[in-house]
Amino acid sequence: MRILVAVDRNPYSANSVEVVAKLAANTWANVTILGVLSKGHSQSSSPVSSQEWNMEHPLPKALQDYQKTFLSHFKEEECPYTQRDFGYELVERRKGVWEELYVAKSARKNLRARIRMGNPAKEILAEAQEEEMDLIVIGCDHSSGCEWEGLGGIPQKVVNDATCSVLVAKEEKTVNRIVCCLDHDLVSQQSLEMINQLVTLHNAKLEIVGLTEGDELKIEVERKMDAILQYYTTRGLEPLIEIVELSSLDAFISQEAKWGLMALWMGKKSILEKVFPRRKVSKLIQGSESSVLILR
Amino acid sequence: MIRALIFVDNRLASRIALRYACRLAKQTGMDLQTIHIEDTEHGDTPPGTGWVKSTWEKGLLVSAGAEISQLINELKPTCPTLRKPKMCVGARETEILRELEHTPYDLFIEGGLFSFNKSGFLGRFGTKLYREISCPILVVKNVGDIKKAVILIEDTTDLWSLIPRFFRTLEGADLELDILHVKLQKPGRLSFKEGAEAMKTSSVEDVDKIIISAKQMLGETGWSPQKTRVIRDAPAGIVDSLQEYGLVVSCLSRQTARKSSMLELLSHVPSAVLVCWQ
């Protein structure tokens, strides 16, 4: 599993790193901490160009702190991200040219800190795309309608345009309940596992929502839900099942988002993609007091 | 031994009800008789009469029977008191009532998925089946953990209709039991009271009387409630206090059930609901 955590220098980013560290402690994911230097939109400093910034800029320092925070969640002897051995290894420097280099080897998993420069949403999405991330985690300031680095709409854009899953982590609320709205046709094993991890991480209750167009679920949807129910039951979770008519979905989501982390399956062919379009997702992310997970 | 009748079909609600009943039977040793009815009232119309009709009905039962038997067989190894289904063709409600009249059951169990739209749950209590059924009814909305149960009482609750039936139905169950005295209000008049504070502001005598009576009656049957609380709120506000329970037990009056605030409260409960009639 590959997780990208997008950070700036605000407290919500520290919270995002904490969330990712806890997730990584269970999953041993490859993690990239990505800071984005916004050209002309920096919150506290003047516009930055690639020639102007250096290691004295506060962002690299913040990234170092985040790495320390991340690693503090692991016991040193068990940490899969620690560089352990040094030795010589042949490395392909360019096509057809190999060189023996003295390298640090055997960190079982990667923890990288990267900085990109440009439009934050675009750079986060580009990094996720290039590195084939499975999950993007991004925090935001709930008190200002989910701003990121003083800018509005960035988590929303990341959520709507990413091809992988995205967790918008809000810092102020304890997650007691995780409410998952199913895409009836395309529930991937990875999505189920991600929910499993979040439930364990927060020690939260799990609720699986089945969407229906009439009074009853379709038989095939029921079978899918039963399989999911059993999947989680065999893992020691006791999920609740709730049925929601598509016409009540808005009301349901706005009610539940007050109490728990909303997880929405939104694949390209997802029924949710049709009834819960981008603007509603953006509104949910902006208004929700709790974290939101969009699964793909 | 308690005898329970469970309605089963090939729907998720039935599967959930069966799993829940098996968990309950593990604690109580309850005998679980399943019944499946190929509903001719809401399903296909029989093609003709006489031999044609009876052959068609047999065909229906054979195809449904295979699926239901598979479901029962899956659970049977861990649920020895689960019996083979009684199968019949007809109107669902009429056939269940007929079975309940013919054989003395102590409990009727069926599944009813928890829904954001509460009308399905509320509607059940207006059906002929629910209105005419004499034993307690267990509506299973979710499987959940059956470690904690709560008895909901109101000022008007007839404890003699509730406690002995609760005891009879769940005798031997290893449950942590609480009592919640709910003072249901219309939405908008919100307040939460607990323990001594509640005693000061609500009608002290009633609260004392009904909780003390309930505890006393339960004590006589060997149950000792862990917590007793008083909550004054609208049904939707109280439901958060019920999330931790795998079983919610209450009493309804047949005459006023459909319009009662207690039924509205039960519609918001995500777990299993055991209703006794008073």
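How each quantity is defined
Residues numbered from 1 in each chain as written. Chains lettered and ligands numbered in written order. Predicted model: local features only at pLDDT ≥ 70, side-chain atom pairs only at ≥ 80, totals over all residues. Heavy atoms only, no water. Buried < 20%, exposed > 50% of the residue type's maximum accessible area, 1.4 Å probe, protein only. Helix = DSSP H or I, 4+ residues; strand = E, 2+ residues; numbered from the N terminus. Pairing = 2+ DSSP bridges. Right-handed = clockwise from strand over helix to strand, strands pointing away. Arc of directions from axis to C-beta. Domains from an automatic or database assignment. Contact = heavy atoms within 4.5 Å. Buried area = accessible area lost by both parts, 1.4 Å probe. Salt bridge = Lys/Arg side-chain N within 4 Å of Asp/Glu carboxyl O. Polar contact = N/O pair within 3.5 Å; in protein donor to acceptor, adjacent residues only side chain to side chain. Nonpolar A, V, L, I, M, F, W, Y, C, P; charged D, E, K, R; others polar. pLDDT = per-residue confidence, 0-100. Phe/Tyr/Trp six-rings, centres within 6.5 Å; stacked < 30°, edge-to-face > 60°. Lys NZ or Arg CZ within 6 Å of the ring centre and 35° of its normal. Disulfide = S-S within 2.5 Å. Axes fitted to C-alpha atoms, helices over the stretch in contact; angles between N-to-C directions. Core = buried A, V, L, I, M, F, W, Y, C linked by side-chain atoms within 4.5 Å.

Enquirer: When you look at the pairing of strand β7 (residues 165-169) of chain A in this model, what are you seeing that I'm missing?
Expert: In summary, the side chains of a regular strand alternate between the two faces of the sheet. Residue and element names in this part refer to chain A. Most of β7 sits out of view: 5 of its 5 residues are buried. Where burial is concerned, the two faces of β7 agree: the one with Ser165, Leu167 and Ala169 and the one with Val166 and Val168 are both buried. Taken together, the 5 bridges between strand β6 (residues 135-139) and β7 define a ladder with parallel strand orientation. Counterpart to valine 137 in the pairing with β7 is leucine 167. Once you follow β6 into helix α4 (residues 154-161) and on to β7, the crossover reads as right-handed.

Enquirer: Just checking my understanding: could you explain the environment of Ser72(A) for this structure?
Expert: Here Ser72(A) shows up in the loop between α2 (58-71) and β3 (85-94). As a C-alpha pair, Ser72(A) and Asp226(A) span 154 residues in sequence and 39 Å in three-dimensional space.

Enquirer: How should helix α9 (residues 278-287) of chain A be read in this particular structure?
Expert: Every α-helix carries 3.6 residues per turn, so stepping three or four residues along brings you back to the same face. All names here are of chain A. Inspection of α9 places Val281, Ser282, Leu284 and Ile285 among the buried residues, and these make up the whole buried set. Each buried residue of α9 sits inside an arc of 160° when the element is viewed along its axis, so together they form one side. The exposed set on the far side of α9, more than 90 degrees from its buried face, consists of Arg279, Lys283 and Gly287.

Enquirer: Just checking my understanding: could you explain the domain arrangement of chain B for this structure?
Expert: How large an interface is tends to be reported as the accessible area lost when its parts come together. Residue and element names in this part refer to chain B. Its domain assignment divides chain B into domain 1 (3-111) and domain 2 (148-277). Taken together, the contact between domain 1 and domain 2 spans 7 residues of the former and 12 residues of the latter. Carbon and sulfur atoms supply 57% of the area that domain 1 and domain 2 bury against each other, a total of about 670 Å² over both sides. The tally of links between domain 1 and domain 2 comes to 1 salt bridge. Here arginine 168 and aspartate 106 are joined by a salt bridge, their closest N and O atoms 3.2 Å apart. Across the domain 1-domain 2 interface, the total number found is 3 residue pairs in polar contact (both at pLDDT 80 or more). The leading source of residues in the side of domain 1 that touches domain 2 is helix α1 (residues 12-28), at 4 residues. For the side of domain 1 that touches domain 2, the residue count by class is 4 nonpolar, 2 polar and 1 charged.

Enquirer: Looking at this structure, how should I read the interface of chain A and chain B?
Expert: Contact with chain A, which involves 26 residues of that partner, is made by 21 residues of chain B. A buried area of about 1,900 Å², summed over both sides, lies between chain A and chain B, and 48% of it is on carbon and sulfur atoms. Per-residue buried area on chain A facing chain B is highest for Glu222(A), Glu238(A) and Ile241(A); these three make up 25% of the total on that side. Taken together, the connections running from chain A to chain B amount to 5 salt bridges. At the boundary of chain A and chain B, one finds 13 residue pairs in polar contact (both at pLDDT 80 or more). Of all the elements in the fold, those that place two or more residues in the side of chain A that touches chain B are α6 (219-233), β10 (240-245) and α7 (249-256) of chain A. Broken down by element, the side of chain A that touches chain B gets its largest block of residues, 8 residues, from α6(A).

Enquirer: Looking at this model, I keep getting lost on the confidence of the model for chain B. Mind explaining?
Expert: All names here are of chain B. Residues with a pLDDT of 70 or more make up 85% of chain B, whose mean pLDDT is 85. Below pLDDT 50 for its whole length, residues 188-205 participates in 25 contacts with residues either more than four positions away or in separate chains. As scored by the predictor, the complex reaches a pTM of 0.82 and an ipTM of 0.83.

Enquirer: Looking at this model, I keep getting lost on the packing of aromatic side chains. Mind explaining?
Expert: Centre distance and the angle of the planes are the two values used to describe a pair of aromatic rings. In the structure shown here, the tally under the stated rule is 9 aromatic pairs over all chains. Residues Tyr231(A) and Tyr232(A) carry aromatic rings whose centres are separated by 5.1 Å and whose planes lie at 85° to one another, so their mutual orientation is edge-to-face. A network of ring pairs unites the aromatic residues Phe121(B), Phe125(B), Tyr130(B) and Trp277(B) as a single cluster. Positioned above the aromatic ring of Phe7(B) is the side chain of Arg92(B), whose terminal nitrogen or guanidinium carbon lies 4.5 Å from the ring centre.

Enquirer: Just checking my understanding: could you explain the state of the cysteines for this structure?
Expert: In a disulfide, the sulfur atoms of two cysteines are held together by a covalent bond. Tallied over the full model, the rule gives 1 disulfide over all chains. Through a disulfide, Cys140(A) is tied to Cys146(A); the S-S separation comes to 1.9 Å. On the sign convention where negative is left-handed, the bridge of Cys140(A) and Cys146(A), at about -95° about the S-S bond, is left-handed. Cys135(B) supplies the cysteine sulfur nearest to Cys88(B), a cysteine that is in no disulfide, at a spacing of 16 Å. According to the relative accessible area criterion, Cys88(B) is buried, its value standing at 18%. Free cysteine: Cys251(B), not disulfide-bonded; nearest cysteine sulfur from Cys276(B) at 5.6 Å.

Enquirer: Honestly, the sheet that holds strand β11 (residues 261-265) of chain A in this entry has me stumped. Any pointers?
Expert: Hydrogen bonds along the backbone pair up the strands of a sheet, which may run parallel or antiparallel. Residue and element names in this part refer to chain A. What the 10 strands build is an open sheet, ordered β5-β2-β1-β6-β7-β12-β11-β8-β9-β10; its pairing is mixed. In the strand order of this sheet, the two ends are held by β5 (111-117) and β10, each with one partner. When strand polarity is set aside, the average angle formed by the axes of neighbouring strands in this sheet is 20°. Two strands pair when backbone bridges link them, and strand β9 (residues 205-212) and β10 are joined in this way by 6 bridges, in the parallel orientation.

Enquirer: I tried to follow the sheet that holds strand β6 (residues 148-153) of chain B on my own but got confused; where do I start?
Expert: All names here are of chain B. Read across the open sheet, the 10 strands follow the order β3-β2-β1-β4-β5-β10-β9-β6-β7-β8; overall the sheet is mixed. One side of each edge strand has no neighbouring strand; the edge strands of this open sheet are β3 (86-90) and β8 (227-233). Put simply, the sheet's adjacent strands are angled 25° from each other on average, direction ignored. In this sheet, strand β9 (residues 247-252) lies alongside β6 in parallel orientation, the contact comprising 3 bridges. Its bridge partner being in β9, valine 150 is matched across the sheet by valine 248. Its contacts with the sheet put helix α6 (residues 159-170) on β4 (107-111), β6, β7 (176-184), β9 and β10 (272-277), and the angle it makes with β10 is roughly 130°.

Enquirer: Please clarify how the pattern of salt bridges should be interpreted in this entry.
Expert: Any two side chains of opposite charge can pair, on the condition that their charged atoms come close. Within the structure shown, the criterion is met by 28 salt bridges over all chains. Between Lys157(A) and Asp161(A) there is a salt bridge, with the nearest N and O atoms lying 2.5 Å from each other. Residue Lys157(A) and its partner Asp161(A) are located together in helix α4, separated by 4 residues, close to a single helical turn. Measuring nitrogen to oxygen at the nearest pair gives 2.9 Å for the salt bridge that ties Arg19(B) to Asp226(A). Highlighted residues: Arg19(B) in helix α1 and Asp226(A) in helix α6, drawn from two different chains. A relative accessible area of 5% means that Asp226(A) is categorised as buried.

Enquirer: Any chance you could explain the nonpolar core here in plain terms?
Expert: Nonpolar side chains in soluble globular proteins tend to end up buried together. Val31(A), Ile195(A), Leu32(B) and Ile109(B) are the most contacted members of the largest nonpolar core, which has 109 residues in total. For this core, the element with the highest residue contribution is α1(B), accounting for 10 residues. Formed jointly, this core draws a minimum of three residues from each of two domains, domain 1 (3-111) and domain 2 (148-277) of chain B. With near-sequence residues (within four places) excluded, Val31(A) lies in contact with Ile3(A), Val5(A), Val20(A), Ala24(A), Phe70(A), Tyr81(A), Asn110(A), Leu111(A) and Arg112(A). By size, the runner-up hydrophobic cluster in this structure holds 43 residues, among which are Ile124(A), Val166(A), Ala257(A) and Val292(A).

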